[in-house]
Amino acid sequence: MPLEHIHLCQIHTHYLGKHIQNELIELMSEMVLKEILRRVRRAKYYSVLLDCTPDLSHTEQMTFIVRFVSSTNGCVTIEEHFIGFIPLEEQTGLALTDALLHKLKALKIPLADCRGQGYDNGANMRGQYSGVQARILKENRRAFFTPCACHNWNLVLGDAAASSTYAANFFGIIQRLYSLFSASTKRWNVLKETGVTLSLKSLSATRWECRLESVKAVRFQMSLILEALLQVSEMDKDVKTRSEATSLVSELESYEFLLCLIIWYDILMRINTVSKLMQSENMQLDVAVKHVQELLTFLTKYRHQGFTAALISANELADELEIQKEFKCDRRISKKKKMFGYEGADMPITDPKEQFRIKFFNALVDTAIVCIDRRFEQLKNHQKQFGFLYNISSLKDMKGGDLQKHCNDLHHLLSDSSADGAISSDIDGIELFQEISFLAQVLPEKLGMLEALQYIYFNRLEDIYPNCVLALRILLTIPVTVASAEHSFSRLKLIKTYLRSTMSQERLSGLALLSIEGDIAATLDYSEMIDAFSRRKARKITF
């Protein structure tokens, strides 16, 4: 039977062949995409999320995600759905914009209904003049742009890591530690035999969560790692390896390294927690602003009290490892050249402890605070424009004139002129003022935007407060991160492997759509697809 099947495959097209597979994948993915587009049109307002990565065949793939607010049977949810991968020949802002506009036109989704853009921090994406966001804003001034918050956190930590020599050298030691043990299975077994449970991790230039895991493994297993290094330095046959292990023992047993280890772990742990919270597709502008402000408060407090707390923890760890609690004295004092007549030079810092605090700790925390203020400036701009809607119940204490001004400003912000010169607005400022004045009196205390919208729909008040509903839906549509785009790249790597590197673009996008949107695919009725497939394969001719 298998031989007969193989012989049949050579001379006939059969229902197990690649062509039939591609047709079925195409029909199924079209049904899933049709359902997603139905939901987008029902929601009306949407946001676009874009990100790019090269696949295994060295083709630049741009993932296309839509975000919108769905309301079904009184339940309000924020949804983000994958549309497909778009192959790119160029990565310029113009090429990316043209690809996006062409895709929207093919899907018959009007650009005029776009109310948000979410991209990474690349110049071709967020460029002020030639980036995608700038070009889209020229076409639709109501497509508000927000850079990805998770990319911002990576950039903040990258700037902080380059703030001082101590910070840069610290991660160099962590990477050397991983490289030493991972380069040999024998040395890795020595590490495991000491009882290490948290595995050492390699550093990543983009995923700072890996750095947290690397620091965590060393922070809580210092004694075991030192024991493994001593064994390698004494028993390894390679002279170079023994020398490297001895050098690492010297680095890890320094008091400055212990302090760096504790300080970096505290900061990385806090930022990683906020970054993970922001990766949810339900993340909203008001919640994101709250998390950023809480982190800034933590860093400001840590700037004044953190060094003392870190010294206490470092002393406990030093006592456990029997390490001397002494700072190394920096004998070289740098002097800046100054022209004659300039002001006198500052007094050099001779205390090694104070020198470490100023050059490492203060520089690290100050850089993080300044970068957060700069990187999340767009969130602050959105808060100035929409912030009064973040907590509607608190507006009952606001003066009528101030609230009226906020509503009028929002009316103009959500207005745009069409090609024939007619001006249209999503909301009416006067009616919005009246609706908020009544809604603030009945809305429960401290409800966020999503909860307030849920309250309106649950009590069937959407016809009474139409402008409030539209304003909240638009605000919830604006994205905070492009984490969903990053998740689609994980599926891309699973689908297009080195064994299937010549896969066609249609098959790739179809399989990715069925995989990523598996929840929708599982709920659809495929009887229509079966009928369409049977009509394609019908051999009888109707006269």
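Residues numbered from 1 in each chain as written. Predicted model: local features only at pLDDT ≥ 70, side-chain atom pairs only at ≥ 80, totals over all residues. Heavy atoms only, no water.

**Describing the overall build of the protein chain**
Within the protein chain, the regular secondary structure consists of 23 helices and seven strands. Along the first, second and third principal axes, the C-alpha set of the protein chain runs to 95 × 85 × 50 Å. The long-range share in the protein chain, meaning contacts at least 24 apart out of those at least 6 apart in sequence, stands at 73%. Carbon together with sulfur atoms contributes 53% to the accessible area of the protein chain, which is approximately 29,100 Å² in total. Here the protein chain contributes 65 positive and 65 negative side-chain charges, whose respective centroids are spaced 3 Å apart. (Helix = DSSP H or I, 4+ residues; strand = E, 2+ residues; numbered from the N terminus. Contact = heavy atoms within 4.5 Å. Areas by Shrake-Rupley, 256 points an atom, 1.4 Å probe, with all protein chains shown as cover. Lys, Arg positive; Asp, Glu negative; His and termini not counted. Charge placed at Lys NZ, Arg CZ, Asp CG, Glu CD.)

**Quick look at the pairing of strand E1 (residues 46–54)**
Along a regular strand, successive side chains alternate from one face of the sheet to the other. With seven of nine residues buried, E1 lies mostly within the body of the structure. Pairing between E1 and strand E4 (residues 114–119): four bridges, direction parallel. From the neighbouring strand, Ser 47 faces E4, where its bridge partner is Gly 116. Where E1 and strand E2 (residues 60–72) come together, eight bridges link them in antiparallel fashion. (Buried < 20%, exposed > 50% of the residue type's maximum accessible area, 1.4 Å probe, protein only. Pairing = 2+ DSSP bridges.)

**Observations concerning the environment of Lys 237**
You can see Lys 237 is positioned in the loop between helix H10 (222–235) and helix H11 (239–252). On a C-alpha basis, the gap between Lys 237 and Leu 191 in space is 17 Å, while along the polypeptide they are 46 residues apart.

**Quick look at the side chain of Arg 187**
Within the secondary structure layout, Arg 187 lies in helix H8 (residues 185–193). A residue is classified by how much of its surface remains accessible, and Arg 187, at 11% relative accessible area, is buried. A polar contact of 2.7 Å, which involves the side chain of Arg 187, links it to the backbone oxygen of Leu 180. Contact partners of Arg 187, with chain neighbours within four places excluded, come to Leu 180, Phe 181, Val 232, Asp 236 and Thr 241. (Polar contact = N/O pair within 3.5 Å; in protein donor to acceptor, adjacent residues only side chain to side chain.)

**Digging into the sheet that holds E2**
One open sheet holds the five strands; their spatial order is E3-E2-E1-E4-E5, and the pairing between them is mixed. Where the open sheet ends on each side, the last strands, each with one partner, are strand E3 (75–88) and strand E5 (144–147). Recorded for the sheet is a direction-independent mean angle of 20 degrees between the axes of neighbouring strands. Here helix H21 (residues 505–516) sits on the sheet in contact with E2 and E3, set at roughly 160 degrees to E3. (Axes fitted to C-alpha atoms, helices over the stretch in contact; angles between N-to-C directions.)

**Regarding the packing of aromatic side chains**
Inspection of every chain in the model, using the stated rule, returns 18 aromatic pairs. A centroid spacing of 5.3 Å and a plane angle of 85 degrees characterise the contact between Phe 220 and Tyr 265, whose relative ring orientation is edge-to-face. With Phe 220 in the loop between helix H9 (208–219) and H10 and Tyr 265 in helix H12 (residues 255–278), this pair connects stretches of sequence that are 45 residues apart. The exposure class assigned to Phe 220 is partly exposed, which follows from its relative accessible area of 47%. For Tyr 265, a relative accessible area of 13% puts it in the buried group. Through successive ring pairs, a cluster of aromatic residues spans Tyr 166, Tyr 255, Phe 298, Tyr 302, Phe 307, Phe 327, Phe 356, Phe 360 and Phe 361. The ring centre of Phe 171 lies 5.0 Å from the NZ or CZ of Arg 211, which sits over that ring. For Arg 219, the ring lying beneath its charged end belongs to Phe 220, and the centroid distance is 4.9 Å. (Phe/Tyr/Trp six-rings, centres within 6.5 Å; stacked < 30°, edge-to-face > 60°. Lys NZ or Arg CZ within 6 Å of the ring centre and 35° of its normal.)

**Focus: the pairing of E3**
Here E3 lies mainly inside the structure; eleven of its 14 residues are buried. Alignment of E2 against E3, held across 13 bridges, turns out to be antiparallel. In the sheet register, Ile 65 faces E3, and the bridge partner there is Phe 82. In textbook terms, the turn of a hairpin is the stretch between consecutive antiparallel strands, and for E2 and E3 this stretch comprises two residues, one of which, Asn 73, has a positive phi near 55 degrees.

**A short note on H10**
When the terminal C-alpha atoms of H10 are compared, their 20 Å separation across 14 residues agrees well with the 20 Å that a helix rising 1.5 Å per residue should span. Along H10, the residues that are buried comprise Met 222, Ile 225, Leu 226, Ala 228, Leu 229, Val 232 and Ser 233. An end-on view of H10 places all buried positions within 160 degrees of arc, on one side of the element. Those residues of H10 that are exposed and aimed more than 90 degrees away from the buried face are Glu 234 and Met 235. (Expected span 1.5 Å × (residues − 1). Arc of directions from axis to C-beta.)

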